[in-house]
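Each chain, letter by letter, is given below.
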Amino acid sequence: ETMRLEGVRADAVETLGTNGVDGETLVDLEESDLDGMKIEWIGRKQVQFVAERRREGRMNEELKGAEGWDIEQVEKWMTENGMQEEGEKMKKVGVDGVVLVRLEVKDLMDKLGVEALKRRKEIISKIDGLRQRKKEKNGKEEEEPKRSNANPPPQQQQQE
């Protein structure tokens, strides 16, 4: 029987199962354990996120803020913040909110082809703004996170 991991690409879940990883062993996975498995980079970040949530006993918590964004919301936020080209690349490879807030400078170059160091740093700076809002919200559950004009969250379009 295949393990179900909501929010993780099916090919990554299949590879985990092939390598004998189940729900119990998932919580003990280290990044080095994933090195020997042929899991594509987005799947790796998703697996790491789910393992982290399981370790912390937060599997049933609703994703908040940017982590809960789907691929289209990520692209929209990127476009609204002057990063349309990179947003299109992210959409093409399937970057969702969970992956977006875990992107590193090296991912932008190695995985998304953003070659200019200055541009990579600009993008990471904007993503850091999202990460900071998450920390503020986690630290002060009652208060709405401070929003900068530089990084407004995308509005979900109404379905008619």
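Parameters and conventions
Residues numbered from 1 in each chain as written. Predicted model: local features only at pLDDT ≥ 70, side-chain atom pairs only at ≥ 80, totals over all residues. Heavy atoms only, no water. Salt bridge = Lys/Arg side-chain N within 4 Å of Asp/Glu carboxyl O. Buried < 20%, exposed > 50% of the residue type's maximum accessible area, 1.4 Å probe, protein only. Helix = DSSP H or I, 4+ residues; strand = E, 2+ residues; numbered from the N terminus. Core = buried A, V, L, I, M, F, W, Y, C linked by side-chain atoms within 4.5 Å. Contact = heavy atoms within 4.5 Å. Arc of directions from axis to C-beta.

### Considerations on the pattern of salt bridges
A complete count under the given rule lists 12 salt bridges for this structure. The partner of arginine 44 in a salt bridge is aspartate 35, with the nearest N and O atoms 2.9 Å apart. A relative accessible area of 53% places aspartate 35 in the exposed class. Across the pair glutamate 85 and lysine 89 runs a salt bridge whose closest N-O atoms are separated by 3.8 Å. Taken together, the residues glutamate 85 and lysine 89, both in helix α6 (residues 84-93) and 4 residues apart, mark about one turn of the helix. On the basis of relative accessible area, lysine 89 is assigned to the partly exposed category, the value being 26%. Within the structure, one salt-bridge network assembled from shared partners comprises Glu52, Glu67 and Arg102.

### Focus on the nonpolar core
Proteins that are soluble and globular tend to have nonpolar side chains buried together. Counting 21 residues, the largest nonpolar core has Trp77, Met78, Met90, Val95, Leu100, Leu103 and Leu108 as its most contacted members. Of all elements in the fold, only α4 (41-55), α5 (71-80), α7 (97-100) and α9 (117-139) reach the threshold of two or more residues within this core. Considering every element that reaches this core, the biggest residue donor is α9, with 4 residues. Leu29, Met37, Phe49 and Ala51 belong to the second largest nonpolar core, which has 16 residues in total.

### What about the side chain of arginine 102?
In this fold, arginine 102 is placed in the loop between α7 and α8 (105-110). Here arginine 102 is in contact with Lys45, Phe49, Glu52, Glu67, Asp107 and Arg131, once residues within four sequence places are set aside.

### Remarks on the environment of glycine 113
Looking at the element boundaries, glycine 113 is found in the loop between α8 and α9. Look at glycine 113 and you get partly exposed, because its relative accessible area is 35%. Spatially, the C-alpha atom of glycine 113 lies 8.8 Å from that of glutamate 86, the residues being 27 residues apart in sequence. Each residue touching glycine 113, except ones within four places of it in the same chain, is listed here: Lys89 and Leu108.

### Things to note about α6
Taken together, the buried positions of α6 are occupied by Glu86, Gly87 and Met90. The buried residues of α6 all sit within an arc of 105° when viewed along its axis, so they share a single face. In α6, the exposed residues that point more than 90 degrees away from the buried face are Glu85 and Lys92.

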